[in-house]
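Residue-level structural notes
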Amino acid sequence: MTLMFLNGSAMRGEPLHHLLDGAPLVASTTTAPKYRFYSVGGQCPALVPVAHGGGAVAGEVYEVSLDALRDRVLPAEPPELELGVIELADGSSAFAMLLRRPQTSHVQLRDITEIGDWRAFRSQS
């Protein structure tokens with residue numbers, strides 16, 4: 001099992017939550033304030049690690065099997081994202097989806113770091 005930070009459509013109550021295959025919720029938390037947070041084409045969120053000017057981003061941490069990660073979660077992610085390791089507010093690490101570098105598409109990015117929460121952003125849109 002591995003820890004996976006989710007901040008988009010796979011969180012509780014969201015349309016892709018079933019992909020977690022019953023993985024237990026470990027915590028509702030935030031990242032360390034080391035990330036810019038983007039809306040990728042208005043369809044999904046993405047984290048970008050930064051040295052300065054980052055913010056904390058809200059999400060959920062799940063204990064996900066590597067099989068579920070490989071077979072269900074990662075195949076559902078858009079091509080603009082890639083798997084990476086982030087720092088959580090408590091200093092621990094977890095996998096998360098980051099904006100692919102270099103960018104592989106021309107999808108519009110909107111910086112939503114000030115909002116820091118995908119659900120809150122969507123409710124304002």
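Here's what I pulled together on the structure shown here. All of these numbers come straight from a predicted model, not from anything done at the bench.

So, about the pattern of salt bridges. Counting across every chain of the model gives nine salt bridges. With its nearest N and O atoms 2.8 Å apart, the salt bridge here joins D111 to R36. Residue D111 is located in strand β8 (residues 109–111), and its partner R36 is located in strand β3 (residues 35–40); the two are separated by 75 residues in the primary sequence. Note on R36: relative accessible area 19%, which makes it buried. Two residues, E82 and R100, come together in a salt bridge whose shortest N-O distance is 3.6 Å.

Here we take up the layout of surface pockets. Of the pockets and cavities examined, the largest pocket occupies roughly 250 Å³. In terms of lining residues, the largest pocket is bounded by 18 residues, among which G8, S9, A10, P45 and E77 are the most central. Secondary-structure elements contributing two or more residues to the lining of the largest pocket are β1 (2–6), β4 (44–49) and β7 (93–99). Looking at the lining of the largest pocket residue by residue, the classes come out as 13 nonpolar, four polar and one charged.

So, on to the nonpolar core. With 19 residues, the main nonpolar core has M4, L6, L20, Y62 and V64 as its most contacted residues. Of all the secondary-structure elements, those providing two or more residues to this core are β1, β3, β4, β5 (58–64), α1 (66–73) and β7. Filtering out sequence-adjacent residues up to four positions away, L6 remains in contact with M11, L20, G59, E60 and Y62. Core analysis: the next-biggest nonpolar cluster, separate from the first, contains 14 residues, F5, L88, A96 and W118 among them.

Another point: α1. Along α1, the residues classified as buried are A68, L69 and V73. Viewed end-on, α1 has its buried residues packed into an arc of 100°, placing them on one side of the element. Counted as exposed and oriented over 90 degrees from the buried face of α1: L66 and R70. In this structure, the buried residues of α1 make contact with β1, β5 and β6 (81–87).

Cut-offs and rules
Residues numbered from 1 in each chain as written. Predicted model: local features only at pLDDT ≥ 70, side-chain atom pairs only at ≥ 80, totals over all residues. Heavy atoms only, no water. Salt bridge = Lys/Arg side-chain N within 4 Å of Asp/Glu carboxyl O. Helix = DSSP H or I, 4+ residues; strand = E, 2+ residues; numbered from the N terminus. Buried < 20%, exposed > 50% of the residue type's maximum accessible area, 1.4 Å probe, protein only. 1 Å grid on protein atoms, 1.4 Å probe; cavity = no way out; pocket = protein on both sides within 12 Å on 5 of 7 lines; lining within 4 Å. Points joined across faces, edges and corners; volume = space filled by probe spheres on them. Nonpolar A, V, L, I, M, F, W, Y, C, P; charged D, E, K, R; others polar. Core = buried A, V, L, I, M, F, W, Y, C linked by side-chain atoms within 4.5 Å. Contact = heavy atoms within 4.5 Å. Arc of directions from axis to C-beta.

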